[in-house]
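# Notes for the structure review
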Amino acid sequence: MLIKHAPNGIDRPFGSEITPREVFESRRSFIKQLSLGSIASASMLEMLSREAFAQNAQAQKLSAKPNPSFVVMDKQTSYKDATTYNNFYEFGTDKADPAQYAGTLRPRPWTISIEGEIKKPLTLDLDSLLKLAPLEERIYRLRCVEGWSMVIPWIGFSLSELIKKVEPNGNAKYVEFISLADKKQMPGVRSPVLDWPYVEGLRLDEANHPLALLALGMYGEVLPNQNGAPVRMVLPWKYGFKSAKSIVKIRFTKDQPQTAWNRAAPSEYGFYSNVNPEVDHPRWSQATERRIGEDGFLTRKRKTLMFNGYSEVASLYSGMDLKKYY
Ligand SMILES: Nc1nc2c(c(=O)[nH]1)N[C@H]1C(S)=C(S)[C@@H](COP(=O)(O)O)O[C@H]1N2
Ligand SMILES: [Mo]
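### What to know about the side chain of threonine 304
On the secondary structure map, threonine 304 appears in the segment after strand S15 (302-303). On the basis of relative accessible area, threonine 304 is assigned to the buried category, the value being 6%. In this structure threonine 304 touches Arg143, Val275, Pro277, Gln286, Ala287, Thr288 and Glu289, once residues within four positions along its chain are discounted.

### Here's the deal with the layout of surface pockets
Over the atoms, a rolled probe matching the size of one water molecule traces out where space is still vacant. The volume enclosed by the largest pocket comes to roughly 490 Å³. In terms of lining residues, the largest pocket is bounded by 29 residues, among which Asn87, Trp148, Gly240, Phe241 and Lys245 are the most central. Within the residue set of the lining of the largest pocket, elements represented by two or more residues are strand S6 (136-143) and strand S7 (148-158). A per-element tally of the lining of the largest pocket places S7 first, with 4 residues. Its residues assigned to classes, the lining of the largest pocket comprises 18 nonpolar, 6 polar and 5 charged.

### Focus: the sheet that holds strand S4 (residues 111-116)
Strand order in the open sheet formed by 5 strands is S5-S4-S13-S8-S9, and the pairing between neighbours is mixed. Of all strands in the sheet, those bounded by a partner on one side alone are strand S5 (122-125) and strand S9 (199-203). Each strand of the sheet is rotated relative to its neighbour by a mean of 15°, with strand direction disregarded. Set on the sheet, helix H6 (residues 159-166) makes contact with S4, S5, strand S8 (174-179) and strand S13 (247-253); between it and S13 the angle comes to about 60°.

### Examining the site of ligand 1
Neighbouring residues of ligand 1: 17 residues in total, closest Asn86, Tyr89, Glu90, Arg232 and Lys245. Residue serine 179 places a side-chain N or O atom 3.0 Å away from a nitrogen atom belonging to ligand 1. Contact between ligand 1 and arginine 232: an oxygen atom at 2.6 Å from a side-chain N or O atom of the residue. Protein burial of ligand 1: of its 540 Å² of free accessible surface, 97% is covered by the chains. One can see that ligand 1 is located within the largest pocket. Broken down by class, the residue content of the shell around ligand 1 amounts to 8 nonpolar, 6 polar and 3 charged.

Calculation criteria
Residues numbered from 1 in each chain as written. Chains lettered and ligands numbered in written order. Predicted model: local features only at pLDDT ≥ 70, side-chain atom pairs only at ≥ 80, totals over all residues. Heavy atoms only, no water. Helix = DSSP H or I, 4+ residues; strand = E, 2+ residues; numbered from the N terminus. Buried < 20%, exposed > 50% of the residue type's maximum accessible area, 1.4 Å probe, protein only. Contact = heavy atoms within 4.5 Å. 1 Å grid on protein atoms, 1.4 Å probe; cavity = no way out; pocket = protein on both sides within 12 Å on 5 of 7 lines; lining within 4 Å. Points joined across faces, edges and corners; volume = space filled by probe spheres on them. Nonpolar A, V, L, I, M, F, W, Y, C, P; charged D, E, K, R; others polar. Pairing = 2+ DSSP bridges. Axes fitted to C-alpha atoms, helices over the stretch in contact; angles between N-to-C directions. Near = heavy atom within 4 Å. Polar contact = N/O pair within 3.5 Å; in protein donor to acceptor, adjacent residues only side chain to side chain. Areas by Shrake-Rupley, 256 points an atom, 1.4 Å probe, with all protein chains shown as cover. Sits in = over half its atoms within 2 Å of the grid points.

Structural data, given as C-alpha cells:
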C-alpha cells in the first residue's frame with residue numbers, strides 16, 4: 001500500500017491486511033479495465049486510490065478467513081442496523097447516540113497494554129495486534145441484557161492467542177478489560193451515568209475459551225467507531241455488556257475485577273452475566289428476545305437459549321449455581 005497518511009491527517013494502519021473498501025473495489029474495476037487492454041501506470045493507480053480513500057476514509061477492508069466452526073446459520077443483521085442501534089455509553093445512552101457522536105473517537109494511532117500477573121507484559125500498537133494471529137471471520141449471535149439480539153460477522157482471533165503470548169503467572173485468575181475514557185473524544189464520559197472507565201472482566205478459563213473473540217473488524221471492514229473501534233471483546237454466550245469496546249488495557253489479576261455495571265447496580269448485573277433464560281433480570285424476564293431487523297408489529301419474539309445457544313461453554317460452570325452466580 002502506497003499511502004502513508006490519510007488525507008485528513010489521522011494515522012491509520014496500512015498493514016497488508018487493510019485496504020480501504022473503495023480502493024479495493026476501484027482496484028478491481030481497474031484490473032478489469034487492464035484486462036480489456038487499457039493502459040495505466042502505478043501512479044494512476046495511486047491517484048485512483050487517494051481519490052477513493054478521500055471519499056470514504058472510514059471504510060477500510062479487513063480480510064479474514066471464514067472459520068466454519070464459529071458460524072451461526074441465523075440471518076445476518078444488516079450493517080445499517082448493527083451500526084445505528086448501539087450501546088456505547090461513552091457516547092450517550094440513546095441507541096442512536098453512538099452512530100451520531102462516535103465520529104470524534106480517534107481509533108488510530110492506538111496502543112493496548114497487557115499487564116498484571118503475566119511473565120511478558122506487552123504494549124501493542126494496532127499493526128502488531130493485527131499480526132498477532134491469523135484473522136478469522138466468525139458469525140456470532142450477540143444478545144443484549146435489555147432483550148434484543150443481533151447476528152454479526154466479526155473479524156478477529158481468539159483472545160487465547162494473546163494470552164498464550166504474555167504467559168500468565170500462577171497468580172493470574174482473572175482478566176480485566178479497560179476501555180478508553182477520554183472526555184475529549186467521548187462526550188458521554190462527562191456524564192456520571194457510569195463510573196469511568198468502563199471495566200469488564202472474565203475468569204481466566206473463560207477468557208481462554210476459544211469462543212472469546214478479540215475483535216478488530218466486522219462485515220469485512222475494520223470496526224466502525226460506534227461498535228468499539230479499534231479493538232473490543234465479543235463474548236457471545238454472555239450478555240452484550242460483558243463485551244467491552246475500544247479497549248486500551250488488559251490486566252491479569254488475582255482477584256475478581258470490579259466491573260462497571262456490577263458497581264453501578266450489583267443486584268441487576270453480576271460478574272458472570274451468562275445469557276440464561278431461567279434467571280430473570282430483577283425488572284424483566286430474560287425468557288425471550290427481539291431480533292433486531294425482525295421487529296415488525298406482528299413478529300413473534302424468539303426464545304432465548306441457555307448460554308445464547310453456545311452450549312459448549314457449559315463445562316466452565318459445572319457445579320455452579322447460576323442463580324447465585326448471575
Ligand atoms: N466501553 C463500552 N463497551 C460496551 C458498552 C459501553 O457502553 N461501553 N456497551 C455494551 C453493551 S450493553 C452492548 S449490548 C454491546 C453492544 O455492542 P454493539 O453496539 O457492537 O452491538 O457493547 C457493550 N460494550
Ligand atoms: Mo447490552
